[in-house]
Amino acid sequence: MLTIFSTPKPFRGHIAVIQRNAIQSWKRLHPGVEIILVGNEEGASEAAREFGLRHEPKVPRNEHGTKFLAPIFDRAEEFAGNNLLCFVNCDIILTSDFRAALERVAQQHRQFLMVGRRWDTNVTEPVDFSRANWEEQIRARASRENFQRPPQWIDYFAFSRGLYHKRIPGFVIGRPGWDNWLVWFARASKVPVVDASRVVRAVHQNHDYSYHPQGEQGVWQGEEAQRNYALLGGWRHFRTIENATHVLTPAGLQANHRHWPALGKRAAHAMGSRTWFALLKATRPVRHRLRLRQDNSPSVAKDR
């Protein structure tokens, strides 16, 4: 069937609640689903024992203690007992619509990557999985809050065995860029990339960024983020869900004819950003003499 793998944050406070919610939702996808937790964060071994998961505590880290991405993927594949794998962030609740989508895609493609947009939802308490309608309740909650993230935000990657094994650069997890690279690599490998956003409601349980010493700014703009951006290699390797080759709809799998315009839009955005900052650099002496500031520069949309 399926091997799901993830790497949790320490099981403390609110983070513990939402990670336990996520894990229990994965277990209910199918009786034969295999789940691997990677990393020795506080509470991980206890959660693995409680829910009957495989726990692989050892994973290389950088000098800041942040886990490298490649060993997580490589070890999961080496230990996995299935040909379908899914890396999912440990705050994402998945329901039966995910399983149904994955089965439909796997029936049509031997090799593929399936991704989808997430729905940010405020969840502060344990989900009552004893309720027969827990899936309907959590999906309805996400619909009411109605905050679907744009296609840059990618929180699950369901893929066929062998796609990424021993091929991922030295990204660290929990910082930007690596998810966009994973989509680019699948495209560059001529593997179908399927956008399942229309049929899968992946529920992201909102949380803060207190796990990073510099908070949200540190996660997106800190030293480790800059290293990840360098490994990404600029816009040429930056792909989002918009760049999927196919879209999964209630009617079935369809070609995504919009992926080329999406790539052109990204290239134009990158070119405009480079031109603007080059202009700022070239005109800095004049602006300083005239006491002009660059605060009036046009806003540049964040990639994440």
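Bear in mind that the values here come from a model prediction, so they are computed numbers and not experimental data.

Peer 1: Mind laying out the sheet that holds strand β10 (residues 202-205), listing which residues take part and the relevant values?
Peer 2: Within the open sheet, the three strands sit side by side as β5-β10-β7. Their pairing is mixed. Every interior strand has two partners, whereas the edge strands, β5 (92-93) and β7 (118-121), have only one. Across two bridges, β5 lies against β10 in antiparallel orientation. Along β10, the bridge assignment pairs Ile92 with His204. The strands touched by helix α5 (residues 134-145) within the sheet are β5, β7 and β10, with β7 carrying the most contacts at an inclination of about 85°.

Peer 1: Residues and numbers for the sheet that holds strand β2 (residues 34-38), please.
Peer 2: Sheet strands pair by backbone hydrogen bonding; their relative direction is either parallel or antiparallel. The sheet built from nine strands is open, its strands ordered β3-β2-β1-β4-β8-β6-β9-β11-β12 with mixed pairing. The two strands at the open ends of the sheet, each matched to only one other strand, are β3 (54-56) and β12 (252-255). Averaged over neighbouring strand pairs, the angle between their axes works out to 25° when direction is ignored. Packing against the sheet, helix α6 (residues 178-188) makes contact with β4 (84-88), β6 (113-115), β8 (156-160) and β9 (193-195), and its axis sits at approximately 30° to β8.

Peer 1: Let's hear about the packing of aromatic side chains: which residues, and what values?
Peer 2: Enumeration according to the criterion identifies 16 aromatic pairs in this entry. Ring centres of Phe73 and Phe159 lie 5.8 Å apart, and the angle between their planes is 15°; this geometry places the pair in the stacked category. Note that Phe73 is positioned in helix α3 (residues 69-79) and Phe159 in strand β8, a separation of 86 residues in sequence. Centroid distance Phe73 to Tyr164: 5.9 Å. Interplanar angle 90°. Geometry classified as edge-to-face. Linking Phe73 in helix α3 with Tyr164 in the loop between β8 and α6, this pair joins segments that are 91 residues apart in sequence. Judged by relative accessible area, which is 2%, Phe73 ranks as buried. What links up through ring pairs into an aromatic cluster is the set Phe5, Phe73, Phe87, Phe157, Phe159, Tyr164, Phe171, Trp178, Trp181, Trp184 and Phe185. When the ring centre of Phe79 is taken as reference, the NZ or CZ atom of Arg54 above it lies at 4.2 Å. In this arrangement the basic side chain of Arg201 is found over the ring face of Trp119, its NZ or CZ atom lying 3.9 Å from the centre.

Cut-offs and rules
Residues numbered from 1 in each chain as written. Predicted model: local features only at pLDDT ≥ 70, side-chain atom pairs only at ≥ 80, totals over all residues. Heavy atoms only, no water. Pairing = 2+ DSSP bridges. Helix = DSSP H or I, 4+ residues; strand = E, 2+ residues; numbered from the N terminus. Contact = heavy atoms within 4.5 Å. Axes fitted to C-alpha atoms, helices over the stretch in contact; angles between N-to-C directions. Phe/Tyr/Trp six-rings, centres within 6.5 Å; stacked < 30°, edge-to-face > 60°. Buried < 20%, exposed > 50% of the residue type's maximum accessible area, 1.4 Å probe, protein only. Lys NZ or Arg CZ within 6 Å of the ring centre and 35° of its normal.

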